[in-house]
Number of protein chains: 2
Amino acid sequence: MDRFAVDDIPYNEDLRTPVIDQIVKHTSVRDFDSSKPLPEGVVTVLVAAAQSASTSSNFQTYSIVQVSDPERKRRLGELCGHSFFDQAPLVLVFCADTYRIRWVTERRGFPFKFDYVDLLLVASMDSALACQNAAMAAESLGLGCVMIGNIRNRAKEVSELLELPEGVFATIGLVLGYPSRQNPVKPRLPQSTVLHRERYSTETLEQDLARYDERMARTDVYEGRRVQVPGLTPEPEQDTGPYGWSEHTARRMAAGNLLRRGFAEFLREKGFTLG
Amino acid sequence: MDRFAVDDIPYNEDLRTPVIDQIVKHTSVRDFDSSKPLPEGVVTVLVAAAQSASTSSNFQTYSIVQVSDPERKRRLGELCGHSFFDQAPLVLVFCADTYRIRWVTERRGFPFKFDYVDLLLVASMDSALACQNAAMAAESLGLGCVMIGNIRNRAKEVSELLELPEGVFATIGLVLGYPSRQNPVKPRLPQSTVLHRERYSTETLEQDLARYDERMARTDVYEGRRVQVPGLTPEPEQDTGPYGWSEHTARRMAAGNLLRRGFAEFLREKGFTLG
């Protein structure tokens with residue numbers, strides 16, 4: 001079952017390619033076969049894929065820290081709150097990196113005037129573009145992976161662990177290995193929700209979300225994973241009503257992520273301008 | 001010539017797949033054959049690819065605005081400062097979208113507490129991950145494309161043109177069509193610059209950049225594209241010294257991008273919290 005089948009999307013069958021076949025069967029893998037080592041030279045190939053992604057103005061404002069050392073990997077998993085790091089042979093930590101462009105600017109004797117919030121977006125998005133290519137390359141080699149945004153939860157400790165200098169912070173952890181269990185492809189929002197023709201429209205939003213909620217409620221995605229927000233959600237034993245994407249997402253938004261509350265301060269300490 | 005050949009990267013030949021082959025031959029296309037229409041149903045397939053990308057916590061905080069109308073496309077190109085929009089049959093404008101998650105949170109009666117700078121990163125990176133997949137899918141179909149960060153230059157006008165609501169802004173414009181001219185694969189920084197083992201290292205930075213500068217100077221990438229910074233760079237007729245990535249990037253950083261100076265204010269107006 002790929003994206004087209006799972007989301008029941010009618011499509012032109014002439015438009016299938018091996019690349020599209022691979023992309024539309026993506027699922028995140030969190031269960032790794034720790035007994036199966038990675039093929040020789042795989043990091044070189046994944047980095048070549050990452051570097052082939054588009055990058056804003058060829059600035060290449062990202063870096064990748066390869067973490068294979070078991071103790072460092074375990075500690076990184078701990079900081080992200082995920083025990084499966086232990087089972088995976090490799091974590092590639094994608095970072096927004098403005099250290100390099102600051103360094104060359106200083107070296108060439110110029111003042112650094114690219115100092116506003118857009119640079120944070122440029123570097124973060126550069127790292128994401130590179131990461132997506134690495135993930136697709138990995139999956140094409142039969143590897144499984146999952147992107148970890150929790151790498152930003154304890155940003156300061158991650159930064160210290162990986163010795164990230166001024167102007168650099170971890171955006172996404174890509175955990176890699178041979179899968180020991182595959183998840184089914186997860187349904188996504190209807191195309192009519194995400195795709196807008198000529199201008200943004202919310203016309204179908206309400207009915208789309210009702211349909212998506214119903215579909216997601218039929219999966220086991222939220223089983224044992226209902227979000228509790230003290231004072232706002234029913235006690236666990238009473239919490240048995242319908243629960244789809246809207247309810248889950250709304251509860252996540254109500255709970256917030258306390259660990260990222262201080263992220264702005266962390267970024268400023270790291271030399272980013274948010275103004 | 002693909003990434004491995006262009007950047008002279010020795011690699012394990014067992015690790016080639018059709019996906020990797022496609023990824024490592026990526027080049028940006030800015031010259032489109034305007035006489036060649038896109039295949040029927042291509043947007044459906046590209047959106048399916050985009051939606052198959054990883055997305056933070058399945059929040060799916062991005063939207064895509066399809067711009068095919070010639071007049072709107074021309075105007076969008078004008079706002080980005082690129083005339084080639086006219087030749088391309090399609091622009092997909094990727095947007096960071098927090099409208100939807102705010103809407104469901106309100107609808108389900110919860111307070112929105114995910115209100116800090118990290119949400120800006122979540123949404124921007126979600127849009128980038130989706131965009132990279134769409135680009136790879138497009139290239140596998142023989143289409144060419146280029147990502148346009150200049151879509152953020154005149155963010156307010158773009159927002160008005162596409163009627164983007166509160167919580168939504170355009171991050172990347174993906175311009176698509178059949179190529180009328182292919183660029184060679186652009187050299188990237190050496191892997192030793194971008195890839196760090198176990199912890200960030202600047203050990204090879206200086207020598208890596210010298211090597212990369214020399215390689216980039218040998219391409220015609222900067223021909224007629226030297227950046228002038230009044231008072232800081234030689235007059236154009238005197239500006240004939242060596243000019244590689246470092247010099248070009250340093251000058252770009254010294255010039256800044258005045259159009260993005262007000263981006264923080266724009267984001268705040270759009271309902272984003274930068275703190």
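Placed above this text is the structure.
Just so it is clear, the model here is predicted, and its values are computed rather than measured.

A. How the structure looks around the pattern of salt bridges. By the definition in use, this model includes 44 salt bridges over all chains. Among the ionic pairs, arginine 16 of chain A bridges to aspartate 2 of chain A, the shortest N-O distance being 2.9 Å. Remark: aspartate 2 of chain A occurs in the segment before helix H1 (3-6) and arginine 16 of chain A occurs in the loop between H1 and helix H2 (18-23); sequence separation between them is 14 residues. Overall, arginine 16 of chain A belongs to the partly exposed group, its relative accessible area being 25%. Assessed through its relative accessible area of 16%, aspartate 2 of chain A is described here as buried. Residue aspartate 118 of chain B pairs with arginine 260 of chain A through a salt bridge whose shortest N-O separation is 2.6 Å.

B. Region of interest: the sheet that holds strand E2 (residues 90-97) of chain B. The strand order E5(A)-E1(B)-E2(B)-E4(B)-E3(B) describes an open sheet built from 5 strands, whose pairing is mixed. Because the sheet does not close on itself, it has two edges, and the strands there are strand E5 (195-197) of chain A together with strand E3 (144-148) of chain B. Taken over all neighbouring pairs, the strand axes of this sheet differ in orientation by 25° on average, direction set aside. Across 6 bridges, the pairing between strand E1 (residues 62-67) of chain B and E2 of chain B is antiparallel.

C. Layout of the sheet that holds strand E2 (residues 90-97) of chain A. With mixed pairing, 5 strands are arranged side by side in an open sheet as E3(A)-E4(A)-E2(A)-E1(A)-E5(B). Strands at the two margins of the open sheet, each flanked by one partner only, are strand E3 (144-148) of chain A together with strand E5 (195-197) of chain B. Averaged over neighbouring strand pairs, the angle between their axes works out to 25° when direction is ignored. Against the sheet, helix H3 (residues 42-52) of chain A contacts strand E1 (62-67), E2 and strand E4 (168-177) of chain A together with E5 of chain B, and its axis sits at roughly 165° relative to E1 of chain A.

D. Structural context of the pairing of E3 of chain A. All names here are of chain A. Of all 5 residues making up E3, 5 are buried, and the element is well covered by its neighbours. Neither face of E3 is exposed, since Gly144, Val146 and Ile148 on one face and Cys145 and Met147 on the opposite face are all buried. Where E3 and E4 come together, 5 bridges link them in antiparallel fashion. From the neighbouring strand, valine 146 faces E4, where its bridge partner is valine 175.

E. Inspection of the environment of glutamine 207 of chain B at higher detail. Structurally, glutamine 207 of chain B is set in helix H9 (residues 205-218). With 14 residues separating them along the chain, glutamine 207 of chain B and threonine 193 of chain B place their C-alpha atoms 9.5 Å apart.

F. Structural detail: the relation of the copies chain A and chain B. For the pair chain A and chain B, the best superposition has an RMSD of 0.0 Å and corresponds to a rotation of 180° with a translation of 0.0 Å parallel to the axis. A rotation of that kind, with that shift, is consistent with a two-fold axis. When the interface residues of chain A are mapped onto chain B, 100% of them are again interface residues, pointing to one common binding face.

G. Quick look at the interface of chain A and chain B. Taken together, the contact pairs 126 residues of chain A with 127 residues of chain B. When chain A packs against chain B, close to 11,400 Å² is buried across both sides, 64% of that on carbon and sulfur atoms. Three residues, Glu198, Tyr200 and Met253 of chain A, lead the burial of chain A against chain B; their summed loss comes to 8% of the area buried on that side. Viewed at the interface, chain B and chain A are joined by 12 salt bridges. Top contributing element to the side of chain A that touches chain B by residue count: helix H6 (residues 117-140) of chain A, with 15 residues. Considering only residue class, the side of chain A that touches chain B consists of 68 nonpolar, 33 polar and 25 charged. One ladder, built from 3 bridges, connects E1 of chain A with E5 of chain B; its direction is parallel. Residue pairing across strands places valine 65 of chain A opposite histidine 196 of chain B, the latter belonging to E5 of chain B.

H. Up close: the nonpolar core. The biggest cluster of nonpolar side chains holds 153 residues, and the ones touching the most others in it are Phe94 and Leu174 of chain A together with Phe94 and Leu174 of chain B. Aside from chain neighbours lying at most four places away, what touches leucine 174 of chain A is Leu90, Val91, Leu92, Phe94, Cys131, Ala134, Ala135, Cys145, Val146 and Met147 of chain A.

I. Representation of the side chain of aspartate 126 of chain B within the structure. All names here are of chain B. Within the fold, aspartate 126 resides in helix H6 (residues 117-140). Buried and without a salt bridge, aspartate 126 has arginine 100 as its closest oppositely charged side chain, separated by 7.6 Å. A polar atom in the side chain of aspartate 126 sits 2.9 Å from the backbone nitrogen of serine 56. If we ignore the near neighbours within four places in the chain, the residues touching aspartate 126 are Ser54, Thr55, Ser56, Gln60, Thr61 and Tyr62.

J. Looking closely at the packing of helix H10 (residues 245-255) of chain A against helix H5 (residues 99-107) of chain B. Where H10 of chain A meets H5 of chain B, the axes come as close as 8 Å, and the angle between the chain directions of the two elements is 95°. When the interaxial angle is binned, H10 of chain A and H5 of chain B end up roughly perpendicular. Counting all contacts with H10 of chain A, which are made through Trp245, Ser246, Thr249, Ala250 and Met253 of chain A, the residues of H5 of chain B involved are Ile101, Val104 and Thr105 of chain B. Its residues assigned to classes, the contact of H10 of chain A with H5 of chain B shows 5 nonpolar, 3 polar and no charged.

Thresholds applied
Residues numbered from 1 in each chain as written. Chains lettered and ligands numbered in written order. Predicted model: local features only at pLDDT ≥ 70, side-chain atom pairs only at ≥ 80, totals over all residues. Heavy atoms only, no water. Salt bridge = Lys/Arg side-chain N within 4 Å of Asp/Glu carboxyl O. Helix = DSSP H or I, 4+ residues; strand = E, 2+ residues; numbered from the N terminus. Buried < 20%, exposed > 50% of the residue type's maximum accessible area, 1.4 Å probe, protein only. Pairing = 2+ DSSP bridges. Axes fitted to C-alpha atoms, helices over the stretch in contact; angles between N-to-C directions. Contact = heavy atoms within 4.5 Å. Least-squares fit on C-alpha atoms with pLDDT ≥ 70 in both. Buried area = accessible area lost by both parts, 1.4 Å probe. Nonpolar A, V, L, I, M, F, W, Y, C, P; charged D, E, K, R; others polar. Core = buried A, V, L, I, M, F, W, Y, C linked by side-chain atoms within 4.5 Å. Lys, Arg positive; Asp, Glu negative; His and termini not counted. Polar contact = N/O pair within 3.5 Å; in protein donor to acceptor, adjacent residues only side chain to side chain. Parallel < 35°, antiparallel > 145°, perpendicular 65-115°, else oblique.

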